[in-house]
Amino acid sequence: MGLSGFRAEVGFRVDGEPHTLAVDTRSTVLDVLRDTLGNTSPKKGCDRGQCGACTVLLDGRRVLSCLVLAVTAGGKDILTAKGLAANGRLHPVQQAFLDNDALQCGYCTPGQVCSAVGALDEFADGKPSHAGDVTAEPELTRAEIAERISGNLCRCGAYTAIISAIEQAADA
Amino acid sequence: MSAIGQDIPRRDGYAKVTGTATYAYEADVDNAAYCVLLQASIARGQVSEIDITEALALPGVLTILTPGQVEKIHQVDDTELYVLQDGEVDYRGQIIGAVVADTPEIAHHAASLVHFSYHVDEHDSTFSPDRHDLYKPDRLGTGEPTDTKTGDIDAAMRKAPHTITQTYTTATNHNNPMEPHATTALWQDDALILWDSTQGVHAVRTTIAQVFGLDTDQVRVICPYVGGGFGAKGEPHPHIVVATLAARALPGRPIRLALTRAQMFALVGYRPPTVQHTRLAADEHGTLTGIALAAVNQTARITEFTENAGSPTRTMYAAPNRATSHRLVVLDVAVPTWMRAPGECPGMFGPEVAIDELAEALGVDPIDLRVRNEPEVDPDSGKPFSSRNLVACLREGADRFGWADRAPRRDGDWLVGTGVAASVFPAFTMQATAAIRYDQGRYIVEIGAADLGTGAWTVLPQIAADALEVPLEQIDIGIGDTTYPRASVAGGSTGTATWGSAILTAAEAFRDKFGDDPDDGDEMEGSISKPPFHEDYATYAFGAQFAEVRVHADTAEIRVPRLLGVFAAGRIVNPRTARSQFTGGMTMGLSMALHESSSLDPRFGHVINHDLAEYHIATCADATNVEAHWIDEHDPHVNALGVKGIGEIGIVGTAAAIVNAAHHATGVRVRDLPLTLDKLLPGLP
Ligand code: FES
Ligand code: FES
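All figures in this text were calculated on a predicted structure; none of them were measured in a lab.

### Quick look at the nonpolar core
Part 1 of the argument: Judged by nonpolar contacts, the single largest core of 230 residues is most densely connected at Phe-97 of chain A together with Ile-447, Leu-460 and Ile-658 of chain B.
Part 2 of the argument: Discounting chain neighbours no more than four positions away, the residues touching Ile-447 of chain B are Ala-432, Thr-433, Ala-434, Leu-460, Gly-478, Ile-479, Gly-480, Tyr-484, Pro-485, Ala-487, Trp-499 and Ala-502 of chain B.
Part 3 of the argument: Ile-96, Ala-101, Val-114 and Phe-116 of chain B belong to the second largest nonpolar core, which has 21 residues in total.

As structure tokens, then:
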């Protein structure tokens, strides 16, 4: 089977920019962003949906881009942590990460940031989490934040500061 | 105003929160090719046949590297770097080939089409401290003697009214930095460029130059950002050699190679399992008359590694009769390496739980017991400590934590307890050179250092600003490139002390020569070579860690709602990045305590839970309240900056504090890590 057997054309927007390109049908959104489009803001920590480093916002919802085939992203809006800082101005979540030193090596950080933005939106939409009583009005406690961000691993162990950062961003 | 001590935000913070900091795989090159590794599926033997026909026929495949079919390279000390020279297999998962293709998808597809046959030899991958083939390594990796002995520990044990004799074990842990090891390699115009995820660019350059018989001038290694290392990126691993082989086979074509998470469980090291036979002897007041630790760990047939788990026992507590020893079991397994606080991290688990057991047996407070056994001088060397503030850490920690009213209690369905343990890590310096150049009102400081998240990008300018007596804003810094002067590896908590000292020397030389009103282009170098004071003093950082543990009375689910550490680690250059280092270490210690364990299947010789779904590390929900403090410590002896390392001490003692707290909560004493609920459940009240 030749290369052409694995090609399909797809169009989507990345950080506001439209792209139409022929992708390998086996490629994930993560690999197309990183290897084809040179947007290395989302990171690859496992390629298996186990670490969260690749988190981006797909039509506003947080997803693990290593688990999304690029050919299924046609017509979608993909937002990375790079795109969150429009015109060089940090998103409040990013600023809060900086203020709280909620990062060390920085490799999980773009994923944490996108995930936090998505999590705060989910919370605002009234989506319950496992942390508390799902029938009650959720409250954004530290435990609630921790539960909602726990899909994003940080080997440097910045968790306590990450929770503080998200608390700050939520109050902003 | 002094820049040292200021709470300065990270210089690389903007790049990291936006994801624009570029890591090794992400090097800005055109027309990259992609390299995928092939690994042995046997634990010992030889590759007998290789079928690459189908793979090679795939359009887009550029080359396939197989044993004996690549350029000849040189053997170096690290025998594991002699890659693809023959078909010998020394452990399961070893590299036995690589595919290079135009796209990652084609490379992965082709990799699945390469078929190996083997002559299989019998292998042995069963770790046990009771084996008859244990042996004594010549020295520890630290250069210390393998065994130590003072007085007569056996006699002390016989005579003492109170003794503890227990065996403690720590599990195999994999470093698992979030950024998988990666190399982008380019061979062009007789020169090699490696963008490599490493804790030391110069170390990689030296080794790779040796392996390929190149002049060091022909090799440049670049690494501005490292997505964590924790020791696993401290030395070059075989994949860097493969990336270089591929680059030299395809001149002019940049090669990108990133390990998969699963490959990291075979190819880049791990903390070996340790067994620690621990003995304490004490008189009726709790004064130790004897302390001993005999450690056993596994090592690999291909390269020896000793986890110096006995080291901290040599230094922590006074006792006239003392003994430590290290023995190894050689197995057909992947090669272990340093993992955050090698030696001290596992080696403070057994003794710090044993001290808790002794305190319980004596009916004394575990803090008082530690204070009672404070040594006047380093019990091992007899030298005075340059500074030792363990007691101050214990006392301040007790205050902050609320240790005084620590009776175990029940809160609904939860059993609640608290525990304490001490931390220690040696304060060393290595060799490094720094350069300072003046250009249009700015001082440019360059040094081949690394920032693994430690804060080097931020703290080195603080040190430079004070040394030059100029505002921090006037300092530019360059690190992570072999075009800068040679610097030591970021490891052993030596980075800030070593590189900072080199910068200090360079700044003095610069000001001596050019005064405080230099001209554009003025430049000086300065070096630190031999550690200046270690001859006369024992130099260590100390700390105390406190844990609150809740255990569910029915399920034995374990939570750690509170972790608090107080450290005495010399001068703190930047409280913001320092706090992250301490709490980060403690969080990794919590992870080790509750989760981390690589399961080796002796039938096949490999780690079966080789991904992040099954090799559990702490998540955010595990570590919601980790707090670090430090005492003001002025150590005039440790080095000219008064700085001790802080990258590792945070993980030392954490697991013991948590296990001690779990015992306090439940009455169940667990002596093997990780502390999982199945170990507590049978003993719950
Ligand atoms: S890279 Fe996607 S979850 Fe780890
Ligand atoms: S900052 Fe290093 S993994 Fe999170």
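Now that the structure has been shown, the text picks up again.
### Description of the domain arrangement of chain B
Residues and elements named next belong to chain B.
Part 1 of the argument: Here chain B is described as being made up of domain 1 (24-122 + 178-228 + 234-267), domain 2 (148-173 + 270-427 + 536-683) and domain 3 (429-528).
Part 2 of the argument: Taking only C-alpha atoms, the centre of domain 1 and the centre of domain 2 are 37 Å apart.
Part 3 of the argument: Taken together, the contacts link 16 residues of domain 1 with 18 residues of domain 2.
Part 4 of the argument: Between domain 1 and domain 2, the buried area comes to about 1500 Å², and carbon and sulfur atoms account for 65% of it.
Part 5 of the argument: Summed over the shared surface of domain 1 and domain 2, the result is two residue pairs in polar contact (both at pLDDT 80 or more).

### Describing a negative patch on the surface
Part 1 of the argument: Taken together, the side chains of Asp-86, Glu-88, Asp-121 and Glu-122 of chain B define an acidic patch exposed on the protein surface.
Part 2 of the argument: Mapped onto the fold, Asp-121 of chain B is located in the loop between β6 (115-120) and β7 (148-150).

### Some points on the pattern of salt bridges
All names here are of chain B.
Part 1 of the argument: In this structure the tally under the stated criterion is 44 salt bridges over all chains.
Part 2 of the argument: In this structure, the salt-bridge partner of Glu-469 is Arg-511, at a minimum N-O distance of 3.0 Å. With Glu-469 in the loop between α13 (456-468) and β20 (475-478) and Arg-511 in helix α14 (residues 495-514), this residue pair connects regions lying 42 residues apart in the sequence.
Part 3 of the argument: Look at Glu-469 and you get exposed, because its relative accessible area is 61%.

### A short note on the confidence of the model for chain B
Part 1 of the argument: A residue-level look at chain B finds 99% of positions with pLDDT of 70 or above and a mean pLDDT of 97.
Part 2 of the argument: Taken together, the chains of this predicted complex give a pTM of 0.98 and an interface ipTM of 0.97.

### Concerning the packing of aromatic side chains
Part 1 of the argument: Applying the stated criterion across every chain yields a total of 16 aromatic pairs over all chains.
Part 2 of the argument: Residues Phe-385 of chain B and Tyr-540 of chain B carry aromatic rings whose centres are separated by 6.2 Å and whose planes lie at 65° to one another, so their mutual orientation is edge-to-face. Pair noted here: Phe-385 of chain B is in the loop between α11 (366-372) and α12 (390-401) and Tyr-540 of chain B is in strand β22 (residues 540-552), with a separation of 155 residues, a long-range link.
Part 3 of the argument: Judged by relative accessible area, Tyr-540 of chain B falls into the buried class, the value being 14%.
Part 4 of the argument: Following the ring pairs from residue to residue traces out a cluster consisting of Tyr-107 of chain A together with Tyr-23, Tyr-225 and Trp-457 of chain B.
Part 5 of the argument: The cationic tip of Arg-248 of chain B hangs over the ring face of Trp-187 of chain B; the distance from NZ or CZ to the ring centre is 4.5 Å.
Part 6 of the argument: Here the basic side chain of Arg-388 of chain B rests over the ring of Phe-385 of chain B, its NZ or CZ set 4.9 Å away from the ring centre.

### Focus: the sheet that holds strand β18 (residues 432-439) of chain B
All names here are of chain B.
Part 1 of the argument: One open sheet accounts for four strands, arranged β20-β19-β18-β21; its pairing is mixed. With partners counted over all chains shown, the strands left at the sheet margins are β20 and β21 (523-528), one partner each. Mean inter-strand twist for the sheet, computed between neighbouring axes without regard to direction, equals 20°.
Part 2 of the argument: Judged from the six bridges that link them, β18 and β21 form a sheet pairing that is antiparallel. Pairing of Ala-432 across the sheet is with Ile-528, part of β21.
Part 3 of the argument: Strands in contact with α14 are β18, β19 (442-446) and β21; relative to β21, the strand with the most contacts, it is inclined by about 140°.

How each quantity is defined
- Residues numbered from 1 in each chain as written.
- Chains lettered and ligands numbered in written order.
- Predicted model: local features only at pLDDT ≥ 70, side-chain atom pairs only at ≥ 80, totals over all residues.
- Heavy atoms only, no water.
- Core = buried A, V, L, I, M, F, W, Y, C linked by side-chain atoms within 4.5 Å.
- Buried < 20%, exposed > 50% of the residue type's maximum accessible area, 1.4 Å probe, protein only.
- Contact = heavy atoms within 4.5 Å.
- Domains from an automatic or database assignment.
- Buried area = accessible area lost by both parts, 1.4 Å probe.
- Polar contact = N/O pair within 3.5 Å; in protein donor to acceptor, adjacent residues only side chain to side chain.
- Patch = residues over 30% accessible without salt bridge, like charges linked within 9 Å, V, L, I, M, F, W, Y side chains within 5 Å.
- Areas by Shrake-Rupley, 256 points an atom, 1.4 Å probe, with all protein chains shown as cover.
- Salt bridge = Lys/Arg side-chain N within 4 Å of Asp/Glu carboxyl O.
- Lys, Arg positive; Asp, Glu negative; His and termini not counted.
- Charge placed at Lys NZ, Arg CZ, Asp CG, Glu CD.
- Helix = DSSP H or I, 4+ residues; strand = E, 2+ residues; numbered from the N terminus.
- pLDDT = per-residue confidence, 0-100.
- Phe/Tyr/Trp six-rings, centres within 6.5 Å; stacked < 30°, edge-to-face > 60°.
- Lys NZ or Arg CZ within 6 Å of the ring centre and 35° of its normal.
- Pairing = 2+ DSSP bridges.
- Axes fitted to C-alpha atoms, helices over the stretch in contact; angles between N-to-C directions.

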